[in-house]
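Chain by chain, the residues:
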Amino acid sequence: MKMIADKENIRIDQYLTEKLDISRSKVQRLIEEEKILVNGNTTTSNYKVHLDDEIEVLSDLDFSMNIEKEDIPIDILYEDDYLLVVNKESGMVVHPAAGNFSHTLVNALLYKFDMSGMDKTRPGIVHRIDKDTSGVMVVAKDEKTLELLSEMIKKKEVERIYVALVDGIIMHDTGDIDAPIGRDPNNRQKMMV
């Protein structure tokens, strides 16, 4: 699909969200996958569109995945018209992906709430927690809230506090642990230092 930009000085992810009527996160994913070209070149999400830019989308925009609603209990700590705060238990995957298409938080959310009109693979998911980690998560109930909360997290306007249970004798009252966590190169489903 090709189009000629009819606006300028707007981020390309915002522009395409309006034009294609898909979520900003989907547009950003397409940009990361180099499936969006501007004037024949790959681009970044923060590129500012110029009048008459030729924008090409190298995708059929079919993001469908059949995710079933499942009656799975979830611990809701807070709820209003815009968002939920849930206590995700250890062992629960947040959203469906390769190897985990059922028994996820998203399957439970779809059963309990109307999340139509949202991203079908990650509806309302603002951030995630690893499968084996328990903790509090914020879930948006509509696209606008999702976008606002995502932007707040990106700008570090949301404070996260982590608590760890440690076994043994710690010789210091305070300290820093500098051991970045990343995907295990031998097993993509595991994380490691």
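Above this note sits the structure.
Residues numbered from 1 in each chain as written. Predicted model: local features only at pLDDT ≥ 70, side-chain atom pairs only at ≥ 80, totals over all residues. Heavy atoms only, no water.

Trainee: Would you explain the sheet that holds strand β5 (residues 75–79) in this entry?
Mentor: Backbone hydrogen bonds hold the strands of a sheet together, and the pairing may be parallel or antiparallel. Reading across from one edge, β5-β6-β7 is the order of the three strands in this open sheet, with antiparallel pairing throughout. Looking at the sheet topology across the chains shown, the edges are occupied by β5 and β7 (135–140). Averaged over all pairs of adjacent strands, the angle between their axes in this sheet comes to 25°, without regard to strand direction. As paired elements, strand β6 (residues 83–88) and β7 share six bridges and run antiparallel to each other. In the sheet register, Val86 faces β7, and the bridge partner there is Met137. Against the sheet, helix α4 (residues 143–154) touches β6 and β7, its axis set at about 130° to β7. (Pairing = 2+ DSSP bridges. Helix = DSSP H or I, 4+ residues; strand = E, 2+ residues; numbered from the N terminus. Axes fitted to C-alpha atoms, helices over the stretch in contact; angles between N-to-C directions. Contact = heavy atoms within 4.5 Å.)

Trainee: How should helix α1 (residues 12–20) be read in this particular structure?
Mentor: Within α1, the full set of buried residues consists of Ile12, Asp13, Tyr15, Leu16, Thr17 and Leu20. Considering only its buried residues, α1 is in contact with β1 (2–4), α2 (24–32), β2 (36–38) and β4 (54–57). (Buried < 20%, exposed > 50% of the residue type's maximum accessible area, 1.4 Å probe, protein only.)

Trainee: Hey, could you run me through the environment of Thr104 in this one?
Mentor: Among the secondary structure elements, Thr104 is positioned in the loop between β6 and α3 (105–112). You can call Thr104 buried: its relative accessible area is 0%. Once the C-alpha coordinates of Thr104 and Val94 are considered, the two residues, ten residues apart in sequence, prove to be 5.4 Å apart. Ignoring any residue separated from it by four or fewer positions in sequence, one finds Thr104 in contact with Ile72, Met92, Val93, Val94, His95 and Pro96. Here the side chain of Thr104 touches Asn107 through a polar contact of 2.5 Å, side chain to side chain. (Polar contact = N/O pair within 3.5 Å; in protein donor to acceptor, adjacent residues only side chain to side chain.)

Trainee: Where do I start with the side chain of Arg24 in this structure?
Mentor: Following the sequence through the fold, Arg24 ends up in helix α2. In terms of polar contacts, Arg24 uses its side chain to reach the side chain of Glu147, at 3.4 Å.

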